[in-house]
Amino acid sequence: MTLKFYNSLTKKKEAFTPLHEGIVNIYVCGPTVYDHPHIGHAKSYVSFDVIVRYLRYVGYKVRYVQNITDVGHLTDNADAGEDKILKRAQRERLAPAELVEIYTRSYFEDMDALNNLRPDISPRATAHIPEQIELVEKLLKKGYAYESNGSVYFDVQKFSEYGKLSGRKQEELEAGARIEINPEKRNPSDFALWKKAEPDHIMRWKSPWGEGFPGWHLECSAMSMKYLGKTLDIHGGGLENIFPHHECEIAQSETANKLPFVRYWIHNNMVTVNGQKMGKSLGNFITLKDAFKKYHPLTIRFFILCTHYRSPLDFSNEALDAADKGLERLHNTIKHLRERMEYTKDDSTSSSIHEKLEYYKKKFLEAMDEDINTPGAIAVLFDLSKEVNTLLDSDKEINKKCLEDIDTFYKQLGGNILGIIPDTLQSEQKSEAETLKNIMDVLIGTRNELRKAKQWQLSDFIRNKLLEIGIALDDKPDSTTWKKIKK
RNA sequence: GGCGGCAUCGCCAAGUGGACUAAGGCCACGGUUUGCAAAACCGUUAUCCUGGGUUCGAAUCCCAGUGCCGCCUCCA
């Protein structure tokens, strides 16, 4: 079995081999923390979480770095416009550092809820200004960059391979209607490594070129280099970042180091909402916090994994409802399995289901090996589920070892790899308090029917039994209330 | 305009030229089970956008057409 990835650079599925045997260095473009994360973030980071989990499962020692962008990402990709962090901070009347803290926490909160494992390192751009300045100096020294009026730009014409990832030609870009002519640039497609800070720009650092701030693309090159080395095994991100972001990263890193920057580029596809692209300007943004009000985070995770990471995902209530039911069915099987384990004696040694599990495991791993085909892998879980349900429903004796083996299968493949099966399943998604309230409503309703029918003996029985367990009923002329009392 | 992607059962969605008379989920219908339900199980539903081509063989490759979508603004 060989793990294969679709490499955006070569546009082919390729067998994966890391640069150093047994070790995988992976860098994934993280969020710009100026707002709450949305369902697009969820798709991206769930996808890469599963990739990392799978790499670990097959035995690699993985170092997973995912940056936190807290400076330099402008509202316009062509090195114009405002800094997103700064703009938002001014709007919310917060210091940029406060804003960044709020949304970084919000980000991790939502990612934790989705059951994404934390990256091994989450470096912040503002914490790596010296490294970025150093990289700019290196590029200047090597002649790939030039200073202009306090800013430094990368000279795209010096890097003949510019465009190799996105398939864009420089000449085509130059005439780009959407790129404002910047008189500081020698060439319209040159991009900023370092930007001069205007007097009112409060996010500023001292540099050899005066006070300023780093360009957005720079942080990924500088930080990946610092933590993962000059050549990464895997670089991931959303496909909207292929151009210009990743193209610029390649240019900076490869000219600085004279080495290939990334061996495998992995890009995930985008989320649409009811068939339409999700965009700030379209007003159809769905934050995860909103989505979680309606759907359990694991449902959203499951929903995401039901589509391949390179396919677009359409977010709609109908599709989410279907996913919710599907996941519930899967969880039901495991609940029943674990209940059965509780009262099955440990009396034998051999597992009769071993061969079958091996078969399903093989199918599961084959799907995962094929460019992380999570929908295929999930289908295997359902296939097994069907067999397990039949087994549990049958009158056959099942020994404990057999049940444990099935549970281990779910825990490893559904839990450790896909992250959709928790080690302990909550029997109720609703809170205990809510459930209790609902039960009491049913009980009181039933009892009132009995009272209407003058079934005093039964209704008194209910009241007395409830009192015994610490719940007092209070019959009023038109209603019945209840409260917990001290026994 | 440039670059890229997609089109598979009512809906969602896998599919690595031959075990595809096409996985899995949701929905629907029929059945088993059940005091009745629920849950569960069994069964039923597609020749893969259209038209050509390559091949012994194509959902899978090539060409043309049609229709959607994305990136090149905001955005993972």
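Residues numbered from 1 in each chain as written. Chains lettered and ligands numbered in written order. Predicted model: local features only at pLDDT ≥ 70, side-chain atom pairs only at ≥ 80, totals over all residues. Heavy atoms only, no water.

Draft legend 1. How the structure looks around the overall build of chain A. Looking only at helices and strands, chain A has 15 helices and 15 strands in total. Principal-axis analysis of the C-alpha atoms gives chain A an extent of 95 × 60 × 40 Å. A burial count over chain A gives 51% of its 487 residues as buried. Sequence-distant contacts, at least 24 apart, represent 74% of the contacts inside chain A between residues at least 6 apart. Of the roughly 24,100 Å² that chain A leaves accessible, carbon and sulfur atoms contribute 50%. Computed over 70 positive and 72 negative side-chain charges, the inter-centroid distance for chain A is 2 Å. (Helix = DSSP H or I, 4+ residues; strand = E, 2+ residues; numbered from the N terminus. Buried < 20%, exposed > 50% of the residue type's maximum accessible area, 1.4 Å probe, protein only. Contact = heavy atoms within 4.5 Å. Areas by Shrake-Rupley, 256 points an atom, 1.4 Å probe, with all protein chains shown as cover. Lys, Arg positive; Asp, Glu negative; His and termini not counted. Charge placed at Lys NZ, Arg CZ, Asp CG, Glu CD.)

Draft legend 2. Summary view of the environment of Glu342. On the secondary structure map, Glu342 appears in helix 10 (residues 317-342). Sequence separation between Glu342 and Asp423 is 81 residues; the distance between their C-alpha atoms is 15 Å.

Draft legend 3. Quick look at the protein's contact with RNA strand B. The full set close to RNA strand B counts 48 residues, and Tyr34, Lys84, Asn241, Lys277 and Asp393 are the nearest of them. Backbone sugar and phosphate groups make up 76% of those atoms of RNA strand B lying within 4 Å of the protein. It is helix 12 (residues 374-393) that contributes the most residues to the surface near RNA strand B, 9 residues altogether. Residue classes in the surface near RNA strand B are distributed as 12 nonpolar, 22 polar and 14 charged. (Near = heavy atom within 4 Å. Nonpolar A, V, L, I, M, F, W, Y, C, P; charged D, E, K, R; others polar.)

Draft legend 4. Just helix 12, in detail. Here helix 12 spans 28 Å end to end across 20 residues, near enough to the 28 Å set by a 1.5 Å rise per residue. The set of residues buried in helix 12 consists of Thr374, Ala377, Ile378, Val380, Leu381, Leu384, Ser385, Val388, Leu391 and Leu392. Buried positions in helix 12, seen along its axis, are confined to an arc of 145° and lie on one side of it. Facing away from the buried side of helix 12 by more than 90 degrees, the exposed set consists of Lys386, Thr390 and Asp393. Measuring from the backbone nitrogen of Gly376 back to the side-chain oxygen at the start of helix 12 gives 3.0 Å, which picks out Asn373 as the cap. (Expected span 1.5 Å × (residues − 1). Arc of directions from axis to C-beta. Polar contact = N/O pair within 3.5 Å; in protein donor to acceptor, adjacent residues only side chain to side chain.)

Draft legend 5. Focus on the nonpolar core. Core analysis: the largest hydrophobic core is formed by 92 residues, its most contacted members being Phe364, Leu418 and Ile420. Counting residues per element, this core draws most heavily on helix 1 (residues 39-57), at 10 residues. Residue contacts for Phe364: discarding those within four places in its chain leaves Ala377, Val380, Leu381, Leu413, Ile417 and Leu418. (Core = buried A, V, L, I, M, F, W, Y, C linked by side-chain atoms within 4.5 Å.)

Draft legend 6. How the structure looks around the sheet that holds strand 11 (residues 271-273). What the 3 strands build is an open sheet, ordered 12-11-13; its pairing is mixed. The open sheet has two edge strands with one neighbour each: strand 12 (276-277) and strand 13 (313-315). Of the strand pairs in this sheet, strand 11 and strand 12 are connected by 2 bridges, and their pairing is antiparallel. Among the inter-strand pairings, Thr272 is bridged to a residue of strand 12, identified as Lys277. (Pairing = 2+ DSSP bridges.)

Draft legend 7. Spatial organisation of the packing of aromatic side chains. What the rule picks out here adds up to 16 aromatic pairs. When the ring of Tyr54 is compared with that of Tyr57, the centres are 6.1 Å apart and the planes differ by 15°; the resulting orientation is stacked. Of this pair, Tyr54 and Tyr57 both sit in helix 1, 3 residues apart, roughly one helical turn. Given the relative accessible area of 1%, Tyr54 is considered buried. Take Tyr57: its relative accessible area is 29%, and that puts it in the partly exposed class. A network of ring pairs unites the aromatic residues Phe5, Phe16, Tyr60 and Tyr264 as a single cluster. A cation sits over an aromatic face here: Arg186 above Tyr146, 4.0 Å from the ring centre. (Phe/Tyr/Trp six-rings, centres within 6.5 Å; stacked < 30°, edge-to-face > 60°. Lys NZ or Arg CZ within 6 Å of the ring centre and 35° of its normal.)

Draft legend 8. Here's a closer look at the environment of Ser221. Following the sequence through the fold, Ser221 ends up in helix 6 (residues 216-228). Residue Ser221 is classed as buried on the basis of its relative accessible area of 0%. Considering only alpha carbons, one finds Ser221 and Glu254, 33 residues apart in sequence, at a separation of 9.5 Å. When near neighbours in sequence (up to four residues on either side) are disregarded, Ser221 contacts Leu135, Glu249, Gln252 and Ser253.

Draft legend 9. The arrangement of the domain arrangement of chain A in detail. Split into domains, chain A comes out as domain 1 (4-268), domain 2 (289-417) and domain 3 (432-484). When each unit is reduced to the centre of its C-alpha atoms, the spacing between domain 2 and domain 3 is 39 Å. (Domains from an automatic or database assignment.)

Draft legend 10. Spatial organisation of the sheet that holds strand 5 (residues 145-148). Across the sheet, which stays open at both edges, the 4 strands sit in the order 5-6-7-8 with antiparallel pairing between neighbours. If you trace the sheet from one side to the other, it starts and ends with strand 5 and strand 8 (212-214), each paired once. For this sheet, the mean angle separating the axes of adjacent strands, direction not counted, is 20°. Of the strand pairs in this sheet, strand 7 (residues 191-196) and strand 8 are connected by 3 bridges, and their pairing is antiparallel. Looking across to strand 8, one finds that Lys196 is bridged to Gly212. Together, strand 6 (151-154) and strand 7 form the strand contacts of helix 7 (residues 242-257), whose direction differs from that of strand 7 by roughly 85°. (Axes fitted to C-alpha atoms, helices over the stretch in contact; angles between N-to-C directions.)

Draft legend 11. Local environment of unusual backbone geometry. Geometrically, the link from Phe243 to Pro244 is a cis peptide bond, its omega value of 0° lying close to zero. Looking at the secondary structure, you find Pro244 in helix 7. The phi dihedral of Asp371 falls on the positive side, at around 55°, and the residue is not glycine. Not every positive phi belongs to a glycine, and Lys454 is a case in point at roughly 60°. Note on placement: Lys454 falls in the loop between helix 14 (432-452) and helix 15 (456-468).

Draft legend 12. How the structure looks around the pattern of salt bridges. In total, this model carries 33 salt bridges according to the counting rule given. A salt bridge links Asp407 to Arg338; its shortest N-O distance comes to 2.8 Å. Here the residue Asp407 occupies a position in helix 13 (residues 400-417), and Arg338 occupies one in helix 10, the gap between them amounting to 69 residues. The exposure class of Arg338 is buried, given its relative accessible area of 16%. The salt bridge partner of Arg451 is Asp475, with a shortest N-O separation of 3.3 Å. Note that Arg451 is positioned in helix 14 and Asp475 in strand 14 (residues 471-475), a separation of 24 residues in sequence. Residues joined in a network through salt bridges with shared partners are Arg447, Arg451, Asp460, Arg463 and Asp475. (Salt bridge = Lys/Arg side-chain N within 4 Å of Asp/Glu carboxyl O.)

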